[in-house]
Each structure stands twice: as C-alpha cells, then as structure tokens.
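Tertiary structure, described
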Amino acid sequence: MVGDKIAFLDLVTQHQEIREELVAAFNGVLETASFVGGPAVDRFETAFALFCEARHCVGVGSGTDALRFALIAAGVRPGDAVVTVPHTFIATTEAISQAGGVPEFVDIDERTYNMDPEKLREYLEADCVVDDESGKLVTLRERRPVTAIVPVHLYGQMADMDPILDLAKRFGLLVVEDACQAHGAEYFSKSEGRWKRAGSMGYAAAFSFYPGKNLGACGEAGAIVTNNASIARVCGMLRDHGQAQKYYHDMEGYNGRLDALQAEFLRIKLGHVNEWNAKRRRHAKRYEELFAEGSGLITVPYEAPYSRSVYHLYVIRTHDRETLRSRLAADGIGTGIHYPIPLHLQKAYRNREFSEGNYPVTERVASEILSLPMFPSLSAEQQDRVVEKVLQCVARPTAGIARHAVASLRT
Ligand SMILES: *Cc1c(COP(=O)(O)O)cnc(C)c1O
C-alpha cells in the first residue's frame, strides 16, 4: 500500500509554524526600506556570533561567498595549495579556486565521512616538503606553497578537529572550517577539555543559510565566523567592494552582502535552531533504534565520541543503493545522494591529474550512500514507514536468513 508521500525535506511546515513572526519582520523591513546591510544585519551578526561562541560574524550573500572571503582574508594567494576532501559539495573547492588557490585532496574516514587526520598527516609529510629558501611548506611536485586546510563538517558532524589543528600548527597552516552543514554542531576538544561549537575552532569558518540548511534563510545567505578581528574586518570589506567607508576602496572586493530581510528572517529562525537541532538528534536516535533490527544490512551514521552531530542529513549506506532508492521513490519516499560523484572525478577537474582509485574511501562511500528524510517536523509515523520500507527492500531476497544472521551477530 502506498501511503502519503514523505518528502526528503519538508520546508513548508517549518515556515508555517513561525509564519506570523516572519510576516511581521517583512513588514518591519518594508517600513524602514533599509534593504541591504544596516541595523538588521548587525543584530543578526551579533546573535549568530554568540550562537557559535565566536567573537565576530560577517553576514554575506551565500556560504560560497563566506568560504571564498574567509580564504582570501586568511591569506590564500594565487597558486597556493589548499587541502580539503573530495567528499563534499563543489562549493568547497570552487571557493578555494576562486580565492586563487588550488584544491588538493586527502581521503575521508570511512566511519565519519569527514577528513581523515591520518591521511592529512601522510599528505603533509610525504607529498609536501619544507622549502629551503622560504622555510615554508610547499607541495613536492609543483612547489606550491601550502597555506590552508579546509575540513568540512559534513552531514552535521564536525571533523576530528584536535589532530587537524595540531597538524596545522606543526606545519604553519591556517584552518578554515566549512561549517555550511553544521550550525550548532559540537566537538569535544581534548586539548581544551570542553565542548566547542562549529565555527569556533578554526582561524575562520564559513556557514551557509541556504533554505535547506539547519539554519536557512528564505533565500540565499551565508556568514563568516571568526575570533580574529582582522579577518572579520577584511571579510567586511570583501563583501562590499573593498570599502571600509563609502567610496573609499582599499582593494577590489565583491558584491557579497547580506540582505536586511534575510538577516531578520535568520534572526527569528536562529531562536528556534537549538530546538530544531534537538529534534533532528532525537529523530536520528530513533532511526538508529528502529534500524537495529536490520543491522548488517545497512550502515547507519556513526557519531564519534568527540562529536554532537546536528544531523543536517541522515545518511545510510547500502550495497545496492540504486534499487533501494527507486523502491523508496515508488513508495512515495523522497531521498537524496550527498554526493554521487567525488570531486576529483568531476568533469570540472578533468584538467587535473586525478583518476579513479586516488581516494578509494570517498569513491566507495559515494557509491553506497543514501540520505533519508530528515527535518525537525518529521513524524514518528513517517519514520516508521521509511524504516519499514528500507528494511523490506534490503532484506527482501533472504529476509529470514538475514534476521538469523543479525541475531547470531548480536550474541
Ligand atoms: C551548502 C554548502 C556550501 C555552499 O553554500 P551556499 O550557501 O549554497 O553557497 C558549501 N559547502 C558545503 C559543505 C555546503 O553544504
């Protein structure tokens, strides 16, 4: 029986719940007609910096703007190598290239799907060398200065930041967090002995407020968060044509400002994010409990002990992903794939000398992942149906045997 459709992401319900507040904010902005920048943007920036436990926030036009400006402000110069992962959205590497840098990849951890600090260490030790003249780290083959590392906090879980920050320190590199999927995520820093929020650990961090993110605008928006006053000042100029004062341009910048309207919507929605994230975490826990029935048939997300994920996405792994995806679609259940083609195998990078087999973990993961419905208003009934259909599909040929195998695995 096909029940009601279950959307992969339900954004309509979320906005209906706070409709009055949003409409009042819209009316307020219409009255002042201060549409770009101004006090509404300042108010949101103050609130979001506080949320991230960071000193400064600079609102910009998108997450891609935020990453690009953060990298430029951090000192990435044309031709510099910037190290990231191939398992991410292309905006990460676009921003590196647009800042003038050249993206270099290290593979991910098979369980967390985030940057593997061991692979990063291997890359920095084996594929890079300290240049005799400058005393700086350069790539072995092309002699490019290596300036920054961009760990991506994918699916709402922070990358393993302690070892990444240690390596960055040891090699004199700057860390810019791609926190576009991790609003409110936390990491237990052993070196500091406390939980730290996404955006508060690197030299700077980039957030996206694309509507589908955990904190989404009603349009496009993003922000840079940093504890460094000079990064914040430079990002503030980059977003506004390089001016610190109207028509006094210290450098060329961009048109990358945040709208007042989006800032107001974001400020209102920010007040709900902790509660929405808590709901996502509850849904993830419930998915995990329900899927325990079929363990061994699919792989559920792994939350590392150092991490409190905000489950931007709920991503499972299965060998026959395409069959599962189309069966779920036939039952009216929406899913997504984040992301089907690793960046090093994208046409956009065919001019680089990448080939299949370069990043085997990423390649394996990309062929097996499936994102299930995950949003704050997901109901228990909807979850039950998703899990039932998934287990039915993966267990269909040998359901009895699989159950038996699971039972014996558990003993
Ligand atoms: C969404 C996203 C971006 C880009 O953000 P936009 O606001 O769409 O420009 C960058 N990196 C990651 C990991 C993202 O998920």
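One can find the structure itself at the top, above this paragraph.
Let me sum up the structure you'll find in this document. (Residues numbered from 1 in each chain as written. Predicted model: local features only at pLDDT ≥ 70, side-chain atom pairs only at ≥ 80, totals over all residues. Heavy atoms only, no water.)

1. A closer look at the site of the ligand
- Taken together, 13 residues lie near the ligand, and Gly63, Thr64, Gln181, Ser208 and Lys213 sit nearest.
- Between the ligand and glutamine 181, the relevant distance is 2.8 Å, taken from an oxygen atom to a side-chain nitrogen or oxygen of the residue.
- A distance of 2.6 Å separates an oxygen atom of the ligand from a polar atom in the side chain of serine 208.
- At a threshold of 2 Å from the grid points, most atoms of the ligand map onto the second largest pocket. (Near = heavy atom within 4 Å. Polar contact = N/O pair within 3.5 Å; in protein donor to acceptor, adjacent residues only side chain to side chain. 1 Å grid on protein atoms, 1.4 Å probe; cavity = no way out; pocket = protein on both sides within 12 Å on 5 of 7 lines; lining within 4 Å. Sits in = over half its atoms within 2 Å of the grid points.)

2. Comments concerning the packing of helix α2 (residues 19-32) against helix α9 (residues 260-291)
- Contact geometry for α2 and α9: axes closest at 9 Å, N-to-C directions at 150 degrees. Taken together, α2 and α9 sit at an angle that is classed as roughly antiparallel. For the crossing formed where α2 meets α9, the hand is right-handed. Two secondary-structure elements touch here, α2 through Glu21, Leu22, Ala25, Phe26 and Val29 and α9 through Ala260, Leu261, Glu264, Phe265, Ile268 and His272.
- Along the lines of polarity and charge, the residues of the contact of α2 with α9 split into 8 nonpolar, 1 polar and 2 charged. (Axes fitted to C-alpha atoms, helices over the stretch in contact; angles between N-to-C directions. Helix = DSSP H or I, 4+ residues; strand = E, 2+ residues; numbered from the N terminus. Parallel < 35°, antiparallel > 145°, perpendicular 65-115°, else oblique. Left-handed = near helix turned anticlockwise from the far one by under 90°. Contact = heavy atoms within 4.5 Å. Nonpolar A, V, L, I, M, F, W, Y, C, P; charged D, E, K, R; others polar.)

3. Describing the sheet that holds strand β10 (residues 204-208)
- With mixed pairing, 7 strands are arranged side by side in an open sheet as β1-β11-β10-β7-β6-β2-β3. Of all the strands in the sheet, the pair left with one neighbour each is β1 (56-60) and β3 (102-105). In this sheet, neighbouring strand axes are inclined to one another by 25 degrees on average, regardless of whether the strands run parallel or antiparallel.
- Of the strands in this sheet, β1, β2 (81-84), β6 (146-149), β7 (174-178), β10 and β11 (222-226) touch helix α4 (residues 63-74), which is tilted by about 165 degrees from β10.
- In the packing of helix α7 (residues 161-171) onto the sheet, the strands contacted are β6 and β7, and the crossing angle to β7 comes to about 150 degrees. (Pairing = 2+ DSSP bridges.)

4. Quick look at empty space enclosed by the protein
- Applying the stated criterion across every chain, the model contains 3 cavities of 30 Å³ or more.
- As a volume, the largest cavity reaches approximately 110 Å³.
- What lines the largest cavity is a set of 13 residues, among which Tyr155, Gln157, Pro301, Tyr302 and Tyr311 lie closest to the centre.
- The residue makeup of the lining of the largest cavity, split by class, is 8 nonpolar, 3 polar and 2 charged. (Points joined across faces, edges and corners; volume = space filled by probe spheres on them.)

5. Quick word on helix α6 (residues 117-126)
- Burial in α6 covers these residues: Pro117, Leu120, Tyr123 and Leu124. An end-on view of α6 places all buried positions within 120 degrees of arc, on one side of the element.
- If you follow the buried residues of α6, they end up packed against β2, β3, β4 (128-130), β5 (137-139), β6 and α7.
- Put simply, aspartate 116 is the residue that caps the front of α6, since its side-chain oxygen is 2.9 Å from the backbone nitrogen of glutamate 118. (Buried < 20%, exposed > 50% of the residue type's maximum accessible area, 1.4 Å probe, protein only. Arc of directions from axis to C-beta.)

6. Notes on the sheet that holds strand β8 (residues 186-189)
- Taken together, 3 strands build an open sheet; the order of strands is β9-β8-β14 and the sheet is antiparallel. Of all strands in the sheet, those with a lone pairing partner are β9 (194-197) and β14 (307-308), marking the two edges.
- Across 4 bridges, β8 lies against β9 in antiparallel orientation. Bridge pairing in β9 links glutamate 186 to arginine 197.

7. Quick look at helix α10 (residues 321-330)
- What α10 keeps buried is the set Arg321, Leu324 and Leu328. Buried residues of α10 fall within an arc of 65 degrees about the axis and therefore sit on the same side. Of the residues in α10, the exposed ones pointing more than 90 degrees away from the buried face are Ala329 and Ala330.
- Buried residues belonging to α10 abut β15 (314-317), α11 (360-368), β16 (369-372) and α12 (380-395).
- Looking one or two places after α10, you find glycine 332, whose phi comes out positive at around 80 degrees.

8. Things to note about unusual backbone geometry
- Omega for the peptide link from histidine 338 to tyrosine 339 comes to 15 degrees, which places this bond in the cis form.
- Position of tyrosine 339 among the secondary structure elements: in the loop between α10 and α11.
- In this model, tyrosine 247 sits at a positive phi of 70 degrees, which is unusual for a non-glycine residue.
- For tyrosine 247, the location among the structural elements is in the loop between β12 (243-245) and β13 (248-249).

9. Focus: the pairing of β6
- With 3 bridges joining them, β2 and β6 adopt parallel strand pairing. Within the sheet, the bridge partner assigned to valine 82 lies in β6 and is alanine 148.
- Inspection of the sheet shows β6 paired to β7 by 2 bridges, in the parallel sense. Residue isoleucine 149 lies in a different strand from β7, and its bridge partner there is valine 175.
- Each parallel crossover has a hand, and for β6 linked through α7 to β7 it is right-handed. (Right-handed = clockwise from strand over helix to strand, strands pointing away.)

Structural measurements only, silent on function.
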